[in-house]
Amino acid sequence: MTEIGIIGSGAIGAGIARLAVAAGIDVKIANSRGPESLNDLIDELGSRATAATAAEAARFGDLVVLAVPLGAYAALPVEALRGRPVLSTGNYYPYRDGRLEMLDSLSVTTAEYEQSLLRESRIVKAFNNIVAHHLAGLAHSTPRTALPVAGDDDEAKRASMEIVQTLGFDAVDAGSLTDSWRFEPESGAYTGIYFAGGHEDYLADPGAPLPADRLRELLAASHRPDVAAREF
Ligand SMILES: NC(=O)c1ccc[n+]([C@@H]2O[C@H](COP(=O)([O-])OP(=O)(O)OC[C@H]3O[C@@H](n4cnc5c(N)ncnc54)[C@H](OP(=O)(O)O)[C@@H]3O)[C@@H](O)[C@H]2O)c1
């Protein structure tokens with residue numbers, strides 16, 4: 001894999017972009033404010049990165065990373081994303097996204113909800129269960145840190161697992177979009193599993209490597225949270 005598009009240049013989108021250029025991957029990255037607003041990030045990322053519109057990023061490369069809040073889906077370039085493998089990092093936070101009955105009632109997982117909004121894209125869920133500031137510290141860790149990847153489309157899942165590996169993590173097949181609740185917020189395989197602990201300020205936590213076998217155990221033992229009771 002040599003080229004990826006990224007929509008969303010915030011904590012996760014920029015974090016993935018940094019790992020991608022470090023791995024020799026060319027990146028087209030977009031946000032909501034337009035390419036000109038990305039000058040500082042492009043300067044930091046170097047010559048492998050280009051600022052783009054969301055439609056340009058959606059069409060670019062081997063897959064598209066979607067690192068935006070759920071509320072942004074209505075404004076996404078649906079046509080440009082048609083048929084594309086889309087690695088979504090998104091989570092459902094009612095305080096930010098508003099209450100969504102389909103998610104509160106556990107009728108669907110967040111990934112299935114996203115798939116219902118982008119019917120003709122091929123959604124894969126990954127990078128949603130690790131906090132942004134752990135990305136750089138845990139990429140290429142020893143032992144390797146594992147991340148779960150879930151999807152319904154085999155080819156899109158394979159491409160997503162490949163990018164997870166290339167960016168410096170072990171990719172663990174976590175099943176289908178229906179199964180992806182196992183690493184949603186408040187489940188047993190969410191962000192806390194990568195914390196080293198002992199730091200009052202969570203941003204000071206450097207993260208701790210989590211091998212693939214341990215991640216598989218955590219996914220198997222995960223519990224489905226009561227999303228309707230979520231207060232954040
Ligand atoms: N932060 C974390 O540690 C973390 C960890 C795991 C998963 N996640 C999840 O990953 C997703 C992204 O999180 P984040 O923390 O990276 O968010 P963030 O820092 O708030 O960044 C969101 C990005 O989405 C862009 N955006 C919004 N609407 C858009 C649109 N219509 N077209 C193109 N770009 C648009 C924003 O553009 P502007 O810059 O122009 O506003 C911004 O760059 C969320 O669902 C979050 O819950 C976050």
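Check the entry above for the structure.
Residues numbered from 1 in each chain as written. Predicted model: local features only at pLDDT ≥ 70, side-chain atom pairs only at ≥ 80, totals over all residues.

(A) Local environment of the sheet that holds strand β8 (residues 170–173). What the 8 strands build is an open sheet, ordered β3-β2-β1-β4-β5-β6-β7-β8; its pairing is mixed. Edge strands, defined here as strands with exactly one partner in the open sheet, are β3 (49–51) and β8. Each neighbouring strand pair of the sheet contributes to a mean axis angle of 25 degrees, computed without reference to strand direction. With 4 bridges connecting them, strand β7 (residues 146–151) and β8 associate as parallel partners. In the sheet register, V149 faces β8, and the bridge partner there is D173. Across the sheet, helix α7 (residues 110–117) lies against β5 (85–88), β6 (122–125) and β7, angled at about 160 degrees from β6, the strand it touches most. (Pairing = 2+ DSSP bridges. Helix = DSSP H or I, 4+ residues; strand = E, 2+ residues; numbered from the N terminus. Axes fitted to C-alpha atoms, helices over the stretch in contact; angles between N-to-C directions. Contact = placed C-beta atoms within 7 Å.)

(B) Main features of the pairing of β6. Taking every second residue as pointing to the same face, both faces of β6 are buried, with R122 and V124 on one and I123 and K125 on the other. Across 4 bridges, the pairing between β5 and β6 is parallel. When the bridges of β6 are listed, S88 appears paired with K125. Here β6 pairs with β7 via 2 bridges, running antiparallel. Of the residues in β7, the one forming a bridge with V124 is G151. (Buried ≥ 20, exposed ≤ 12 C-beta atoms within 10 Å, placed from the backbone.)

(C) Structural detail: the site of the ligand. Around the ligand, the structure places 25 residues, and the nearest of them are G10, N31, A72, A75 and G90. Top contributing element to the shell around the ligand by residue count: helix α1 (residues 11–22), with 3 residues. (Near = placed C-beta within 6 Å.)

(D) Region of interest: the pairing of β7. The element β7 is largely enclosed, with a buried count of 6 among its 6 residues. Burial of the side chains of β7 extends over both faces: A146, P148 and A150 are buried on one face and L147, V149 and G151 on the other. For the crossover from β7 across helix α9 (residues 154–166) to β8, the handedness is right-handed. (Right-handed = clockwise from strand over helix to strand, strands pointing away.)

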